[in-house]
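Listed below, chain by chain, are the residues.
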Amino acid sequence: MRNFILSCALAACLAPSAFAEVNVSIGINVPAYPDLQPIPGYPVYYAPRLSANYFFYDGLYWVYGPDGWYTSDWYDGPWQWVGPDQVPLFVLRIPVRYYLSPPPVFRSWAVNTAPRWDAVWGADWSHRHHNWSQWNHASAPALAPLPRYQRDYDKSRYPDAAQRHQLQQQHYSYQPRDAQARQHLQALAHAPAPAPTPHPVQQAAPAPEPHHAPAHAERPQAPAPGHQAEATRMPPQPPGHPVEAKRVPAQPAPGATEHGGQPDATRAGHAEHPARAEERGKREEHGKREEHGKREEHGKPKDEKD
């Protein structure tokens, strides 16, 4: 099988007693439910249209790659790695001819017999399983039913972990007869779902705090129109020089005369009463005579005055 890619290190899983503990993703792509055909004389199916060592036995899918065996309860995984001592014997007995992507070492072996797993896994494994290839073909168990309900779920509709488990319970009631297959099925049912990739969350920038004036600050009073303080227009004084406030002269009320009297009625555009005009003329004439007499009095010599 070409280009198997493991998503995690399997060095710790290579011990002979290792069990399917690690949920891994391998580089096999099955875009739709595969065509599965029974292998004559074996309780195993294979996939003749896949270029892979792909099988179905006792309710589970099985794939063999460069790193060993994998199993799953769904046709395209996710897959769990299976240690050499935990692979069901009927899976190990599949003839070489049904490995459609065999490793190079398989090609020198007889195609109608099982692979030589003692050459793959060593003498220790062979001693623990010395009778693994001997079995009565007449007493082979029956084929397990295929989970054909999975045909409705191609790659575009492939369910997630929770949905797969729910669909399996609803549509596939078969229970494995092989003790090792049962253990793998239970491990798959309790395998944790892969954690989703976290996405960075963009935090909103904090809102700027409103600016508050100090509690003791007082708003300056704007001067009334036409009454701006004169001191604001004074030039700066040298140090120590007393500052004298400049007195602003009071403005006469509109319509008042220069001497504080009432405005001339004729200037205001109103006709003066004849009696008042005559009286005013007498006062002006009398005033002129008194002023003329005073000037003559002051102009006389002292002797004349005496």
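What counts, and where the lines are drawn
In this convention, every chain numbers its residues from 1, walking through the sequence in written order. In keeping with the predicted nature of the model, local features appear solely for residues at pLDDT of at least 70, side-chain atom pairs appear and are counted solely at 80 or more, and the whole-chain, interface and lining totals rest on all residues. Side-chain calculation: all heavy atoms of the structure are included, whereas hydrogens and water are not. One speaks of a salt bridge when a side-chain nitrogen belonging to Lys or Arg is within 4 Å of a carboxyl oxygen belonging to Asp or Glu. Secondary structure elements are defined from DSSP: runs of H or I of at least 4 residues count as helices, runs of E of at least 2 residues count as strands, and each element is numbered from the N terminus. Accessible area is worked out with a 1.4 Å probe on protein chains only. A residue is then buried under 20% of its type maximum, exposed over 50%, and partly exposed in between. Regarding the arc, it is the one traced by the directions from the helix axis to the C-beta atoms. Under this definition, polar contacts are N or O atom pairs within 3.5 Å; protein pairs additionally need one hydrogen-donor-capable and one acceptor-capable atom, and for neighbouring residues in sequence, both atoms have to be side-chain atoms. We call two residues in contact whenever any of their non-hydrogen atoms come within 4.5 Å of each other. Aromatic rings from Phe, Tyr and Trp, taking only the six-membered ring of Trp, are treated as a pair when their centres fall within 6.5 Å; an angle between ring planes under 30 degrees marks them as stacked, one over 60 as edge-to-face, and anything in between as tilted. Here, nonpolar core refers to any group of buried Ala, Val, Leu, Ile, Met, Phe, Trp, Tyr and Cys residues whose side-chain atoms link them within 4.5 Å.

**What about the pattern of salt bridges?**
- This model, assessed by the stated rule, comprises three salt bridges.
- With its nearest N and O atoms 2.4 Å apart, the salt bridge here joins Asp76 to Lys155. Placement of Asp76 in the loop between strand E6 (68–72) and strand E7 (79–82) and of Lys155 in the loop between helix H3 (123–128) and helix H4 (161–171) is noted, with a sequence separation of 79 residues between them.
- Judged by relative accessible area, Asp76 falls into the buried class, the value being 10%.

**Thoughts on H4**
- Of the positions making up H4, those classed as buried are Arg164, Leu167 and Gln168. Down the axis of H4, the buried set is contained in an arc of 105°. They therefore lie on one face. Exposed side chains of H4 directed beyond 90 degrees from the buried face belong to Ala162, Gln169 and Gln170.
- Structurally, the start of H4 carries an N-cap: the backbone nitrogen of Ala162 is 3.4 Å from a side-chain oxygen of Asp160.

**Description of helix H5 (residues 179–189)**
- Along H5, the residues that are buried comprise Gln180, Ala181, His184, Leu185, Ala187 and Leu188. Projected onto a plane normal to the axis of H5, the buried residues spread over an arc of 160° and lie on a single side.
- Where H5 is buried, its residues contact strand E5 (60–65), E6, E7 and helix H1 (89–92).
- The backbone nitrogen of Gln180 lies 2.8 Å from a side-chain oxygen of the residue at the head of H5, namely Asp178.

**Observations regarding the packing of aromatic side chains**
- Per the stated rule, a full pass over the model turns up 28 aromatic pairs.
- Consider the rings of Trp69 and Tyr99, whose centres lie 6.3 Å apart with planes at 70°: the pair is edge-to-face. Of this pair, Trp69 sits in strand E6 while Tyr99 sits in the loop between H1 and helix H2 (117–121), placing them 30 residues apart in sequence. Taken individually, Trp69 and Tyr99 each receive the classification buried, so the pair is uniform in this respect.

**So, unusual backbone geometry**
- The omega angle of the peptide bond from Gly77 to Pro78 is 10°, so this bond is cis rather than trans.
- Along the polypeptide, Pro78 turns up in the loop between E6 and E7.
- A positive phi angle is found at Asp58, which is not glycine, with a value near 55°.
- Along the polypeptide, Asp58 turns up in the loop between strand E4 (54–57) and E5.
- When its relative accessible area of 4% is taken as the criterion, Asp58 is described as buried.

**What to know about the nonpolar core**
- One finds Ile39, Phe55, Trp62, Trp69, Ile94, Tyr99 and Trp117 to be the most contacted residues of the largest nonpolar core, which totals 28 residues.
- Breaking this core down by element, the ones donating at least two residues are strand E3 (44–46), E4, E5, H1 and H5.
- Apart from residues lying up to four places away in sequence, Ile94 is in contact with Ile39, Val44, Phe55, Tyr99, Thr113, Ala114 and Pro115.
- Counting residues in hydrophobic clusters, the runner-up holds 26 residues, among them Ala52, Tyr54, Tyr75 and Tyr172.

**Structural notes on the environment of Val91**
- Inspection of the secondary structure puts Val91 in helix H1.
- Residue classification places Val91 among the buried residues on the basis of a relative accessible area of 0%.
- Look past the residues within four positions of Val91 in its chain and what remains in contact with it is Tyr57, Trp62, Trp69 and Tyr99.

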